[in-house]
Amino acid sequence: MKPRIFIDGEHGTTGLQIRSRMEGRADVELVSIPEAERRNEAMREDLLNSADVAILCLPDDAARNAVALLSGNNRTRIIDTSTAHRTADGWAYGFAELTREQPEAIRAARLVANPGCYPTGAIALVRPLRDAGLLSADETVTVNAVSGYTGGGKQMIAQMEDETREDRITAPHFLYGLDLDHKHLPEMRVYGRLPRDPLFAPSVGRFPQGMIVQVPVLLDGATTAETLHAALADHYAGCAVVTVTPLAESAALKRIDATELAGTDRMTLHVFRSPDGERANLVAVLDNLGKGASGAAVQNMDLMLSA
Ligand SMILES: NC(=O)C1=CN([C@@H]2O[C@H](COP(=O)(O)OP(=O)(O)OC[C@H]3O[C@@H](n4cnc5c(N)ncnc54)[C@H](OP(=O)(O)O)[C@@H]3O)[C@@H](O)[C@H]2O)C=CC1
Ligand SMILES: CC(=O)N[C@@H](CCC(=O)OP(=O)(O)O)C(=O)O
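Note that this is a predicted model, so its numbers are computed, not measured. (Residues numbered from 1 in each chain as written. Chains lettered and ligands numbered in written order. Predicted model: local features only at pLDDT ≥ 70, side-chain atom pairs only at ≥ 80, totals over all residues. Heavy atoms only, no water.)

Undergrad: Mind laying out the site of ligand 2, listing which residues take part and the relevant values?
TA: Taken together, 15 residues form the shell around ligand 2, and within it Arg86, Tyr176, His182, Lys183 and His184 come nearest. A distance of 3.2 Å separates a nitrogen atom of ligand 2 from a polar backbone atom of glycine 151. Note that an oxygen atom of ligand 2 is positioned 2.2 Å from one of the side-chain N or O atoms of histidine 184. Contact with the protein chains hides 85% of the accessible area of ligand 2, taken as 430 Å² for the molecule alone. Here the shell around ligand 2 is built from residues that sort into five nonpolar, eight polar and two charged. Composition of the shell around ligand 2 by domain shows at least three residues from each of domain 1 (4-115 + 293-305) and domain 2 (117-291). (Near = heavy atom within 4 Å. Polar contact = N/O pair within 3.5 Å; in protein donor to acceptor, adjacent residues only side chain to side chain. Areas by Shrake-Rupley, 256 points an atom, 1.4 Å probe, with all protein chains shown as cover. Nonpolar A, V, L, I, M, F, W, Y, C, P; charged D, E, K, R; others polar. Domains from an automatic or database assignment.)

Undergrad: So what's going on with the packing of aromatic side chains? Which residues, and what values?
TA: Inspection of the entire model under this criterion finds three aromatic pairs. Geometrically, the ring pair formed by tyrosine 118 and phenylalanine 200 is edge-to-face, given 5.0 Å between the ring centres and 65° between the ring planes. Of this pair, tyrosine 118 sits in helix H5 (residues 117-131) while phenylalanine 200 sits in strand S9 (residues 199-201), and the two are 82 residues apart along the sequence. (Phe/Tyr/Trp six-rings, centres within 6.5 Å; stacked < 30°, edge-to-face > 60°. Helix = DSSP H or I, 4+ residues; strand = E, 2+ residues; numbered from the N terminus.)

Undergrad: So what's going on with the sheet that holds strand S6 (residues 111-113)? Which residues, and what values?
TA: Spatial strand order, S2-S1-S3-S4-S6-S5: six strands in an open sheet with parallel pairing. Two strands in the sheet have a free side with no partner beyond their single neighbour: strand S2 (29-31) and strand S5 (92-93). Relative to strand S3 (residues 53-56), strand S1 (residues 4-8) runs parallel, the two sharing four bridges. For isoleucine 7, the partnering residue across the bridge sits in S3 and is isoleucine 55. (Pairing = 2+ DSSP bridges.)

Undergrad: Outline unusual backbone geometry, supporting the account with residue identities and numerical values.
TA: Even without being glycine, leucine 180 reaches a positive phi, approximately 55°. With respect to the helices and strands, leucine 180 occurs in the loop between strand S8 (173-175) and helix H7 (185-191). Positive phi values are uncommon outside glycine, yet arginine 193 reaches one of about 50°. Structurally, arginine 193 can be placed in the loop between H7 and S9.

Keep in mind that these numbers describe shape and distance, not what the molecule does.
As structure tokens, then:
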């Protein structure tokens, strides 16, 4: 029998992108709720409980509620794309490239929390360096980022695209999270193995999909751009999803386009250095809806079904 998959929130931004990745797949049975019934709790409860894998594409509170609707059912496996369970006990973090052991942890898990889009870039850059002892625990980590506006879901898409709305956003690029207390801090700290929350400055650009995450670092004598690059290249060697750009290739770039991986499920990493070798900038480029959300959810589902 084919595994039965239900996407709760399938008519939202992340859900629709997961659906489109699953269409045409003969190895899974995708069960669906009519759009008009998307908030019908009784129907959702039935579908959730009859699924082999439920993929939650809901706001945090609704995701917690969906998990409650599955209480007493320890058969349905869950992938939650929301922030609700990312650092919760009993949930595997769905970033398969985190460590060599993480794919097996996801494969064996019943409960998988899909990472946030910004943490995907930040953790991809920072964690291998922490594990290699190249980023000191004393170092304050700064994360600067820009996301496509679909990262804000249906609400932000409407604000950016519908000029008739009272709450429309007209800016070509804006900063937010100005209180330095973004919901992604806990997962960056925990899975980045950071001693404290990073200084995180997110922003949104007037493009639907794409993302750049930057972590600028000061170098000392022992740590150079070459050693940072070598650690990243070693960690991601042979990886199909994450590519580490050769140092010389990055050095030859004049600019990076935040949309260059839009529509893909891949992520590219760069290490840039200052001419005096005292500073480096670690950069991740991805699609907020690809490796940053829906692509990662499908990658996790495939791992879970490969058990
Ligand atoms: N967009 C992105 O790039 C990323 C999103 N995520 C996370 O994915 C999750 C979904 O986000 P996104 O797809 O962007 O959001 P959207 O707002 O685009 O979609 C959410 C969907 O959930 C439905 N919904 C809301 N509340 C309920 C409820 N109580 N019961 C049933 N359905 C409900 C909405 O229906 P209705 O239309 O009626 O409101 C909508 O269809 C969020 O937790 C988000 O943080 C994670 C990584 C990246
Ligand atoms: C542009 C924008 O608004 N982005 C969202 C994060 C998107 C994402 O990763 O959401 P989850 O962490 O909920 O999964 C935000 O900053 O809240």
